Amino acid sequence: MTVLINAFVGLHIIGIASLLGGFLTQMKAMSAGTARFVPAMLHGALTMLVTGVLLVGFREMDGSPVNNIKIGVKLAILFVILALVYVKRDEERVEKALFGAVGGLTVVNIFIAVLWH
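Before going into details, it helps to say that this report is about the structure given with it. (Residues numbered from 1 in each chain as written. Predicted model: local features only at pLDDT ≥ 70, side-chain atom pairs only at ≥ 80, totals over all residues. Heavy atoms only, no water.)

We now examine the nonpolar core. Phe 37, Met 41, Ile 81, Val 85, Phe 99 and Val 102 are the most contacted members of the largest nonpolar core, which has 23 residues in total. Those residues in contact with Phe 37 that lie beyond four places of it in its chain are Leu 84, Val 85, Lys 88, Arg 89, Val 94, Leu 98, Phe 99 and Val 102. (Core = buried A, V, L, I, M, F, W, Y, C linked by side-chain atoms within 4.5 Å. Buried < 20%, exposed > 50% of the residue type's maximum accessible area, 1.4 Å probe, protein only. Contact = heavy atoms within 4.5 Å.)

Note on placement: Thr 51 falls in helix H3 (residues 39-62). Since its relative accessible area comes to 5%, Thr 51 is described here as buried. Once residues lying within four places of it in the same chain are set aside, the contact partners of Thr 51 are Phe 8, Leu 11 and His 12. (Helix = DSSP H or I, 4+ residues; strand = E, 2+ residues; numbered from the N terminus.)

Helix length check: H3, at 24 residues, gives a terminal C-alpha distance of 34 Å against a target of 34 Å (1.5 Å per residue), a fit within 8%. Where H3 is concerned, the buried positions are Met 41, Leu 42, Gly 44, Ala 45, Met 48, Leu 49, Thr 51, Gly 52, Leu 55 and Phe 58. Looking at the residues trailing H3, positive phi occurs at Gly 63, about 85°. (Expected span 1.5 Å × (residues − 1).)

Pasting the structure below:
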């Protein structure tokens, strides 16, 4: 079970890298007002959702403790990110504030994962 959990943690990290990487590649465009949500951001958020839910299930099956409040907060933030990216995915330009909010929420989610024990 440990190998399975670690494999899905790796996939979860790939999802967050895709989401954050997609954001970072659009930083220059954001300053010009032409940023858009690229497909990598949507796919990364979806990967995070699926692997995150599976990780919670795997940890429960393994008998490991799960901080349900932390998971709930991370899930709520991810739903906001996913909703914003999904709804605005086909628009040519996304407002700076909205685009920045997705990047900020992504970073907040990373720090919650790392710092909240």
